[in-house]
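Listed here are the chains, written in short residue letters.
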Amino acid sequence: DAGITQSPRHKVTETGTPVTLRCHQTENHRYMYWYRQDPGHGLRLIHYSYGVKDTDKGEVSDGYSVSRSKTEDFLLTLESATSSQTSVYFCAISDLGLAYEQYFGPGTRLTVT
Amino acid sequence: DQQVKQNSPSLSVQEGRISILNCDYTNSMFDYFLWYKKYPAEGPTFLISISSIKDKNEDGRFTVFLNKSAKHLSLHIVPSQPGDSAVYFCAAPSWAGGTSYGKLTFGQGTILTVHP
């Protein structure tokens, strides 16, 4: 299994509070991604990174920001959490192999009350 | 704009029979397709892929078929086993400005249940 960890694994927070999720990899892969999974929507890309300090928006980036100061860490921040951001968040990594494979972390279940 | 669609939310099959999961896409520029499998409380794991230059790729009990003219792909599992019960996602690399950065566009997923 690819070495990807996510923290925390579960979090309950209140509307309006900032939240930061962490993704840590030990594979030295260049590319990292944050997705959210919601029923009926599959996995949707929030933000991605193609190198240290190089990030860009995905299809559902509103209300989220990211940072990558080291190859191994990719942080996702909800600037002011809303109930619509209750979801399961997955981090993924890739070295852009032949089949564009991505390797996923175990996920973080976030509940915004 | 859902470029990758899985129109069947769920599928139920008997152990030993064939499972067929379907996926449709709208973007004719997609050059690769992937299938992922996801168990509850775990992250998705890569299962099998196919390049657009092929129409079939096989790996053990899993075979993916690609019909480019119909913009349709399917995953066949033969024989199905109870341990195959999971959510299956199809995905394709999404391109913009000449590069994908490895970004994937996923379908909504199909819940497969294999009954003993």
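Preceding this paragraph is the structure being described.
Quick look at the structure, then.

Here is what the cut-offs are and how they apply
Residues numbered from 1 in each chain as written. Chains lettered and ligands numbered in written order. Predicted model: local features only at pLDDT ≥ 70, side-chain atom pairs only at ≥ 80, totals over all residues. Heavy atoms only, no water. Phe/Tyr/Trp six-rings, centres within 6.5 Å; stacked < 30°, edge-to-face > 60°. Pairing = 2+ DSSP bridges. Helix = DSSP H or I, 4+ residues; strand = E, 2+ residues; numbered from the N terminus. Buried < 20%, exposed > 50% of the residue type's maximum accessible area, 1.4 Å probe, protein only.

## Let's talk about the packing of aromatic side chains
With the rule as written, the count across this model stands at 16 aromatic pairs over all chains. Taken together through their ring pairs, the aromatic side chains of A:Tyr33, A:Tyr35, A:Phe90, A:Phe104, B:Tyr36, B:Phe46, B:Phe89 and B:Phe106 make up a single cluster.

## Here we look at the sheet that holds strand 7 (residues 62–67) of chain B
Residues and elements named next belong to chain B. In spatial order, the strands read 1-3-8-7-6; together these five strands make up an open sheet with antiparallel pairing. Looking at the sheet topology across the chains shown, the edges are occupied by strand 1 (4–5) and strand 6 (56–59). Where strand 6 and strand 7 come together, four bridges link them in antiparallel fashion. Within strand 7, the residue paired with Glu-58 across the bridge is Thr-63.

## Focus on the environment of B:Trp35
Residues and elements named next belong to chain B. Tracing the backbone shows Trp-35 in strand 4 (residues 32–38). You can call Trp-35 buried: its relative accessible area is 0%. As a C-alpha pair, Trp-35 and Gly-107 span 72 residues in sequence and 9.8 Å in three-dimensional space.

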